[in-house]
Amino acid sequence: MDMLYGLVIAPFADFAFMQRALIGSLMLSLGACPIGVFLMLRRMSLSGDAMAHAILPGAAAGFLFYGLEILPMTIGGLIAGVIVALGAGAVSRFTIQREDASMAAFYLISLAIGVLMVSIRGSSVDLMHVLFGTVLALNDEALTLIGGIVAVTLVSLAIFWRALVAECLDPLFLRSVSRLGSPVHFIFLGLVVLNLVGGFQALGTLLSVGLMMLPAAAARFWTVRVEPMCVLAVLIGFASCVAGLLLSYHASLPSGPAIILSAGVVYFASILFGTRGILRARIIHHRHRTA
Amino acid sequence: MTNTCLTFRDLTLGYGSHPAIHHLDGTIRKGSLTAVVGANGSGKSTLMKGIVGVLKPMAGEVIRAPGVRAAYLPQQSELDRSFPARVVDLVSLGLWPRRGLLGRYTKEDRDDVSKALMAVGLGGFEKRPIDTLSGGQLQRTLFARVLLQDADLILLDEPFNAVDAKTVGDLIALIKHWHGEERTIMVVVHDLDLVRQNFPETLLLARQPIAWGETRETLKPENLLRARRFHEAWEENAPWCEPGEDAHGHDHHGHDHDHQHGVGPRAA
């Protein structure tokens, strides 16, 4: 019992930085995982990844002018993300080009600008924090920011849930009964950017999308309905955060990758053992009913 | 005119600069059941999209009588069948006109969903994931959604595709039931026998209306022959359609219809 306490509870009980990391990452999961489910269902998983790259020049600009300060970097990232999301979304909505192509174009341009700006300032250890995050160094400012983002995300999801589901399930139908189709698409893209920006404090611009996508992708193997899928994704996110932080504490590993890798383990386990996973489909399906 | 549901005024719909529906004039009476027939590319689906408003007119307009709500069953649904939803979730979308974005579904609503599924012969399918449905079952599910929308104007674009004979019979019965409830219905159909047996009125399209009115009159051999001669391809260097000289063109085609319904006054 003592050993279990020492292994699981003590790190969080004894160290304030671990508590902050836990609170921050759990809050992130609460907002980002449902968003990830919808990204996946809309076949925009890679758009999320692209968007995460697109945030870089904004964060880099903030870093360039103000140094390693949370607020300017967040606002910069938000602006860059929104520009790319809206630009790519608009191109795909109003021209014949599909979202994947327009998104790739926008994010590549954005990434190039970001790298250019980074190189102007020269290499820096601080910049590693931008790219890969510092979940163990979340301060009050960052936690407040993440809390706000989660609140906005959950409230928006609650309000627009039905439209978002309709827009994914049957967009033409939604267009025939309501004008909400386009606004909902852009609101959703906005939420994606918001959550990625929230995540980059903790996990870095490159890995923040991991906490969004991996739990969602894993949850897909367990259920055939959206609502339980979102709940399950959040739970998987929670578990990954706890496991990742403990792993990073005990094995002295960087915390961001440890969290994402924990989610990765759940993902692979789900592929194998999920109710809609490989083993179930291959092995247990031999029996069937008469009708 | 109180018993007009839809008015087309010099309506041109199309893609790029090429018209798929060219200067359509006329009206759809409230409570009428109209079949829309014509060759591939004659503008049937385009007309449906124009009426429901997902395609903006290049010229002219479609005027809906005030308060008329439309339900639309497209030919090529953008439905994502891999989306994790059950039959009941899909059909419940039809509650949108009643409940909108935030309205809570009541017990009564859920009963109505079950009743709609019963009506299309899918009672007990509520919990089935939509990716396990056959093509015909999916089509009937979408019919159930139209049923639930409780619309005054119902637009069905080739609803009988990939549907077996028995189900076509069921769906026709449903359409006739709607007709009995004084709803206005337009259906794109390819099977002319089906049209002759079940639809009182027909619009024969070949980019322009070839004939429009009572089904037996419209589907006369000479009209069908004219419709068949219609040139499907777009011409890249087709002359631009000028308002002045074109007035003749659509006047000519518009006549059939105007006489039948006694819809006299038109600007042209």
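Residues numbered from 1 in each chain as written. Chains lettered and ligands numbered in written order. Predicted model: local features only at pLDDT ≥ 70, side-chain atom pairs only at ≥ 80, totals over all residues. Heavy atoms only, no water.

## Looking at the domain arrangement of chain B
Buried accessible area, meaning the area lost when the parts come together, often serves as the stated size of an interface. Residues and elements named next belong to chain B. Annotation of chain B at the domain level lists domain 1 (1–67 + 151–160 + 182–234) and domain 2 (76–150). Computed from C-alpha atoms alone, the centre-to-centre distance between domain 1 and domain 2 is 27 Å. Across the contact, seven residues belong to domain 1 and five residues belong to domain 2. Across the domain 1/domain 2 interface, buried area totals approximately 460 Å², and carbon plus sulfur atoms make up 59% of it. Among the residues domain 1 hides against domain 2, the three largest losses belong to Ala151, Leu156 and Pro159. Together they make up 67% of the total. For the interface between domain 1 and domain 2, the tally reads one salt bridge. The shortest N-O distance in the salt bridge between Arg183 and Asp150 comes to 3.0 Å. Residues belonging to the side of domain 1 that touches domain 2 are distributed by class as follows: four nonpolar, no polar and three charged. (Domains from an automatic or database assignment. Contact = heavy atoms within 4.5 Å. Buried area = accessible area lost by both parts, 1.4 Å probe. Salt bridge = Lys/Arg side-chain N within 4 Å of Asp/Glu carboxyl O. Nonpolar A, V, L, I, M, F, W, Y, C, P; charged D, E, K, R; others polar.)

## Brief notes about the interface of chain A and chain B
At the junction of the two partners, chain A supplies 26 residues and chain B supplies 30 residues. Here chain A packs against chain B, burying approximately 2600 Å² in sum over the two surfaces, 63% of which is carbon and sulfur. Counting the surface chain A buries against chain B, the share from its top three residues, A:Arg162, A:Leu169 and A:Phe173, is 31%. Linking chain A to chain B there are three salt bridges. Notably, a salt bridge pairs B:Asp131 with A:Arg276, separated by 3.7 Å at the nearest N-O pair. Counting the contacts that link chain A with chain B gives seven residue pairs in polar contact (both at pLDDT 80 or more). (Polar contact = N/O pair within 3.5 Å; in protein donor to acceptor, adjacent residues only side chain to side chain.)

## Concerning the pairing of strand E8 (residues 201–206) of chain B
Residue and element names in this part refer to chain B. Burial within E8 is extensive, with six of its six residues counted as buried. Neither face of E8 is left uncovered, since the one carrying Glu201, Leu203 and Leu205 and the one carrying Thr202, Leu204 and Ala206 both have all their residues buried. Inspection of the sheet shows strand E3 (residues 33–38) paired to E8 by five bridges, in the parallel sense. Bridge pairing in E8 places Val36 opposite Leu203. Taken together, the six bridges between E8 and strand E9 (residues 208–214) define a ladder with antiparallel strand orientation. Looking across to E9, one finds that Leu205 is bridged to Pro209. Hairpin connection from E8 to E9: one residue lie between these consecutive antiparallel strands, with Arg207 at a positive phi of about 70 degrees. (Buried < 20%, exposed > 50% of the residue type's maximum accessible area, 1.4 Å probe, protein only. Helix = DSSP H or I, 4+ residues; strand = E, 2+ residues; numbered from the N terminus. Pairing = 2+ DSSP bridges.)

## Observations concerning the sheet that holds strand E2 (residues 18–29) of chain B
Residue and element names in this part refer to chain B. The three strands are arranged E2-E1-E4 in an open sheet whose pairing can be described as antiparallel. The open sheet terminates on both sides in strands that have one partner only, identified here as E2 and strand E4 (59–64). Geometrically, the sheet is characterised by an average inter-axis angle of 15 degrees between neighbouring strands, direction not taken into account. As paired strands, strand E1 (residues 4–15) and E2 are joined by eight bridges and run antiparallel to one another. Residue Tyr15 lies in a different strand from E2, and its bridge partner there is His18. Along the sheet, helix H1 (residues 44–52) makes contact with E1, E2 and E4, crossing E1 at roughly 120 degrees. (Axes fitted to C-alpha atoms, helices over the stretch in contact; angles between N-to-C directions.)

## Some remarks on the sheet that holds E8(B)
All names here are of chain B. Read from one edge of the open sheet, six strands run E5-E6-E7-E3-E8-E9, paired in mixed fashion. Looking along the sheet, the strands with just one partner apiece sit at the ends: strand E5 (70–73) and E9. When strand polarity is set aside, the average angle formed by the axes of neighbouring strands in this sheet is 15 degrees.

## Quick notes on the confidence of the model for chain B
All names here are of chain B. Of the residues in chain B, 87% reach a pLDDT of 70 or more, and the chain-wide mean stands at 81. Here residues 245–268 is a poorly scored stretch, pLDDT under 50, and it has 30 contacts once near neighbours within four places are set aside; other chains count. Complex prediction metrics read pTM 0.82 and ipTM 0.81. (pLDDT = per-residue confidence, 0-100.)

## Quick notes on the pattern of salt bridges
All names here are of chain B. Applying the stated rule across the entire model yields 21 salt bridges over all chains. The partner of Glu201 in a salt bridge is Arg29, with the nearest N and O atoms 2.4 Å apart. Remark: Arg29 occurs in strand E2 and Glu201 occurs in strand E8; sequence separation between them is 172 residues. Classification of Glu201 as buried rests on a relative accessible area of 10%. Given a relative accessible area of 33%, Arg29 falls into the partly exposed group.

## Digging into the side chain of A:Asp170
Note that A:Asp170 resides in the loop between helix H7 (140–169) and helix H8 (171–177). Look at A:Asp170 and you get buried, because its relative accessible area is 2%. In this structure the side chain of A:Asp170 is engaged in a polar contact, spanning 2.9 Å, whose partner is the side chain of B:Arg145. For A:Asp170, the residues in contact, after removing those within four places along its chain, are B:Ser77, B:Glu78, B:Leu79, B:Leu93 and B:Arg145.

## Things to note about the nonpolar core
By size, the foremost hydrophobic cluster in this structure holds 107 residues, and its most contacted members are B:Phe143, B:Phe160, B:Ile175, B:Trp178 and B:Val187. A per-element tally of this core places helix H9 (residues 181–219) of chain A first, with 16 residues. The residues that make up this core include at least three from each of domain 1 (1–67 + 151–160 + 182–234) and domain 2 (76–150) of chain B. Each residue touching B:Trp178, except ones within four places of it in the same chain, is listed here: B:Phe143, B:Val146, B:Leu147, B:Ile154, B:Leu156, B:Arg183 and B:Ile185. (Core = buried A, V, L, I, M, F, W, Y, C linked by side-chain atoms within 4.5 Å.)

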